[in-house]
Amino acid sequence: MAVLQLDDGTIYREIGAIANKLAGLNIQIDRLAIDKTPAIQELLVQDLLNVTEKQHILAAFKSEFEMFKFTGGCQWCDLKVLHPGSPQIYGMMTQSYRTHTHADAEVIHVLAGECVFGFVYPNGSEVQLLLESQEYIQVPPNTEHWFYLTASLYLKAVQYYTTAQGWVPQYTKRQLKIKN
């Protein structure tokens, strides 16, 4: 269940209220059920996945890809698999935690685990959003934000892309006020 925390400590737990609060940034959030086969469910709980297993999961979410293709112009997708033993996890955590923007929209559908996105409003106020399984977020281009994993260090999520260059972070060097 998504949880939005404002920088004044106010908490929102209902997805409609969260969507209303994020609408000012043109951020979309919603739930996409993961009613997949038992084979897919088994893969989603594994820490390690080989290329074939990743492709199998992505194939199971083809209709979601088609939706994001139609609504957001996404051209391809990738399965992000992170867990405490992932070799790339600590490098990714030190970079993505910094405030940044992307030239393209950022679309992530959480399949397992959880992550946190933080956002900066034009007036300088900040919010943090916890996303869990079955939730997706669509962040417009040039929206200042940050990202990190929760203490579980566990996430399986499909990332949707429009261009490869559009996902390169442009760091803003903002000092965050909100407490994690």
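Structure shown above.
These numbers were taken from a predicted model, which means no experiment stands behind them.

## Concerning the side chain of His83
Item 1. Following the sequence through the fold, His83 ends up in the loop between β4 (76-82) and α5 (89-96).
Item 2. What makes His83 buried here is its relative accessible area of 8%.
Item 3. Residues contacting His83, with those up to four places away along its chain left out, are Asp47, Leu48, Ile89, Leu153 and Tyr154.

## Section: the packing of aromatic side chains
Item 1. Per the stated rule, a full pass over the model turns up 7 aromatic pairs.
Item 2. Seen from their ring centres, Phe68 and Tyr160 are 4.6 Å apart, and the 45 degrees between their planes marks the pair as tilted. Residue Phe68 is found in helix α4 (residues 62-72), and its partner Tyr160 is found in strand β10 (residues 155-161); the two are separated by 92 residues along the sequence. For the residue pair Phe68 and Tyr160, the accessibility class agrees, reading buried in each case.
Item 3. A ring pair is formed by Trp76 and Tyr161, whose centres lie 5.6 Å apart and whose planes are at 15 degrees; its orientation type is stacked. Placement of the pair is Trp76 in strand β4 and Tyr161 in strand β10, with a sequence separation of 85 residues.
Item 4. Given a relative accessible area of 36%, Trp76 falls into the partly exposed group.
Item 5. Through successive ring pairs, a cluster of aromatic residues spans Phe65, Phe68, Tyr136 and Tyr160.

## With respect to the packing of helix α2 (residues 38-45) against helix α3 (residues 51-60)
Item 1. It is at 10 Å that the axes of α2 and α3 come closest, and there the two elements cross at 125 degrees. Relative to α3, the element α2 lies oblique. For α2 against α3, the interelement crossing comes out left-handed. Contacts between α2 and α3 involve Ile40, Leu43 and Leu44 on the former and, on the latter, Glu53, His56, Ile57 and Ala60.
Item 2. Taken together, the residues that form the contact of α2 with α3 break down as 5 nonpolar, 1 polar and 1 charged.

## Quick word on the side chain of His109
Item 1. Structurally, His109 can be placed in strand β6 (residues 106-120).
Item 2. The buried category is assigned to His109, whose relative accessible area is 0%.
Item 3. Dropping the residues within four chain positions of it, His109 is found in contact with Leu32, Ile34, Phe61, Glu64, Gln134, Glu135, Tyr136, Lys156, Ala157, Val158 and Tyr160.

Calculation notes
- Residues numbered from 1 in each chain as written.
- Predicted model: local features only at pLDDT ≥ 70, side-chain atom pairs only at ≥ 80, totals over all residues.
- Heavy atoms only, no water.
- Helix = DSSP H or I, 4+ residues; strand = E, 2+ residues; numbered from the N terminus.
- Buried < 20%, exposed > 50% of the residue type's maximum accessible area, 1.4 Å probe, protein only.
- Contact = heavy atoms within 4.5 Å.
- Phe/Tyr/Trp six-rings, centres within 6.5 Å; stacked < 30°, edge-to-face > 60°.
- Axes fitted to C-alpha atoms, helices over the stretch in contact; angles between N-to-C directions.
- Parallel < 35°, antiparallel > 145°, perpendicular 65-115°, else oblique.
- Left-handed = near helix turned anticlockwise from the far one by under 90°.
- Nonpolar A, V, L, I, M, F, W, Y, C, P; charged D, E, K, R; others polar.

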